[in-house]
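Below, each chain spelled out in residue letters.
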Amino acid sequence: MVGSIEVANHRVHLNGAIQHQNGFEEKLDELRRLLGKADGDLLRIVGVGAGAWGSVFAALLQDSYGQFRDKVQIRIWRRPGRAVDRATAERLFEVINSREDVLRRLIRRCAYLKYVEARLGDRTLYADEILKDGFCLNMIDTPLCPLKVVTNLQEAVWDADIVVNGLPSTETQEVFVEISRYWKERITKPIIISLAKGIEAELDPVPRIITPTQMIIRASGVPIENILYLGGPNIASEIYDKEYANARICGAEKWRIPLAKFLRQPYFIVWDNSDLVTHEVMGGLKNVYAIGAGMIAALTNESATSKSVYFAHCTSEMIFITHLLTEEPEKLAGPLLADTYVTLLKGRNAWYGQMIAKGELSLDMGDSISGKGTIQGVSAVGAFYELLSQSSLSVLHPEDNKPVAPVELCPILKTLYKILITREQGVRAILQALRDENLNDPRDRIEIAQTHAFYRPSLLGQP
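Quick caveat, the model's predicted, so the values are computed rather than measured. (Residues numbered from 1 in each chain as written. Predicted model: local features only at pLDDT ≥ 70, side-chain atom pairs only at ≥ 80, totals over all residues. Heavy atoms only, no water.)

Chemist: Can you walk me through the nonpolar core in this structure?
Modeler: When a protein is soluble and globular, its nonpolar side chains tend to lie buried together. One finds Tyr289, Met295, Ile321, Tyr352, Phe384 and Leu413 to be the most contacted residues of the largest nonpolar core, which totals 65 residues. Where this core is concerned, the elements lending two or more residues are helix H12 (276-299), helix H13 (304-325), helix H15 (348-358), helix H16 (376-388), helix H17 (411-420), helix H18 (429-435) and helix H19 (442-451). Residues in contact with Leu413, not counting those within four places in the same chain, are Val288, Tyr289, Glu317, Ile321, Val381, Phe384, Tyr385, Leu388 and Val407. In terms of nonpolar packing, the next biggest core, distinct from the first, is built from 47 residues, Trp53, Val56, Ala58 and Ile76 among them. (Core = buried A, V, L, I, M, F, W, Y, C linked by side-chain atoms within 4.5 Å. Buried < 20%, exposed > 50% of the residue type's maximum accessible area, 1.4 Å probe, protein only. Helix = DSSP H or I, 4+ residues; strand = E, 2+ residues; numbered from the N terminus. Contact = heavy atoms within 4.5 Å.)

Below, the structure written as structure tokens:
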């Protein structure tokens, strides 16, 4: 397991809990039986995409199950050729030398010298190269265990039993179209667990949200009962440092219940739920408002009052939107608010909003930021705005008593769209949206949603 481990009398001491080593082996054997694995036939698990969460997820599995080499193979795929810049190489060197366990490990593997040379500018490191040593380019301050890295996508996935999607929503469709070509001759379908928190929009023939799991279904032909979503209110680096966390795996009962058990650890509790798509959409929705929260924090010098006012407005908009997306929105309130809260505290989307507001990042730099990865909230702003601006989804305006597109009742979403997508307004426009010159109580927006027939099942592709 991760961190400090003492082995005595075949017991592992972790986070104050005592576990028999064969506790993990029993869970592995149980999953192998469900997948029909014979003795000597490896259970093959591969992560696709090596961002922060994708890398941590693979590392958690490696730490827990990697010791059973005759039963399971755990690997991660990332594209080759991504160079590590000089500043990152210097920071990596500092991290290595501040951690005696990491330093010893690299010296023992004869890998330390290349970090010395990279710090001096005498050689270039590559993202896939450092990942093998346990360093994720998007999370260099948190060393992981060494990982088995594959840069050839076909080699990584062609015989995989479980594929973990760690790609951004903007890349999922393209990569899984390629993967599907390698699965044409397969007799059995793999299980796919998607970690992606992002959504895209489709307007024709009807406006609807496209989630990463739906992209995977379209691209790969894998049936929906084999596709699951895992998400929760957590930060990847803190999970690897064994901060207590929880997540929820959503999908068909056949696989979500055994996988929840397989993934569960003393400090990482995994629940299960049948509602796949709605939980997945909520994971994308909170990223939208996290960007605005970062902007508010920067523009008001971290004013607690301003941030709380923003929170009241943005949560009312999110609740309003959930009433459009699901018939029982109250079931999502807890998970959505928890995920929103952690993202506002330490997520990359809130960080991005801060950097944009401070002028330390430019919109022209795009939404893929060195050291952070893809800022998925940017594309989600565009997707939610496009969907909710469709006249076919009109709702009755409470004051004018006339039908309006739902986005007209979401001033923060409208403003973020004008700042980030069309760029017709500057970043300070978010303060005007916050101040709400129409004097609308955020509670009114929630009451409108609760007292009107707002549910639009077509938005999630349902009849």
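Next comes the rest of the write-up.
Chemist: What exactly am I supposed to notice about the sheet that holds strand E10 (residues 191-194) here?
Modeler: In any sheet, the strands associate via hydrogen bonds between backbone groups, in a parallel or an antiparallel arrangement. In space, the eight strands of this open sheet follow the order E8-E5-E4-E9-E10-E13-E14-E15, with mixed pairing throughout. The sheet is open, and its two borders are formed by strand E8 (149-150) and strand E15 (268-273), each paired with just one other strand. In the sheet, strand E4 (residues 43-48) pairs with strand E9 (residues 162-165) via four bridges, with the strands oriented parallel. The residue bridging Gly47 from the neighbouring strand is Val164, located in E9. Strands E4, strand E5 (72-77), E9, strand E13 (227-231) and E15 of the sheet are contacted by helix H2 (residues 52-65), whose axis makes an angle of about 160° with E5. Here H12 sits on the sheet and contacts E10, E13, strand E14 (245-250) and E15; the angle it forms with E13, its principal contact strand, is near 40°. (Pairing = 2+ DSSP bridges. Axes fitted to C-alpha atoms, helices over the stretch in contact; angles between N-to-C directions.)

Chemist: Help me understand the environment of Ala247 in this model?
Modeler: Mapped onto the elements of the fold, Ala247 is located in strand E14. What makes Ala247 buried here is its relative accessible area of 1%. With 17 residues separating them in the primary sequence, Ala247 and Leu230 have C-alpha atoms 6.7 Å apart. Once residues lying within four places of it in the same chain are set aside, the contact partners of Ala247 are Leu230, Gly231, Gly232, Asn234, Phe268, Ile269, Val270 and Trp271.

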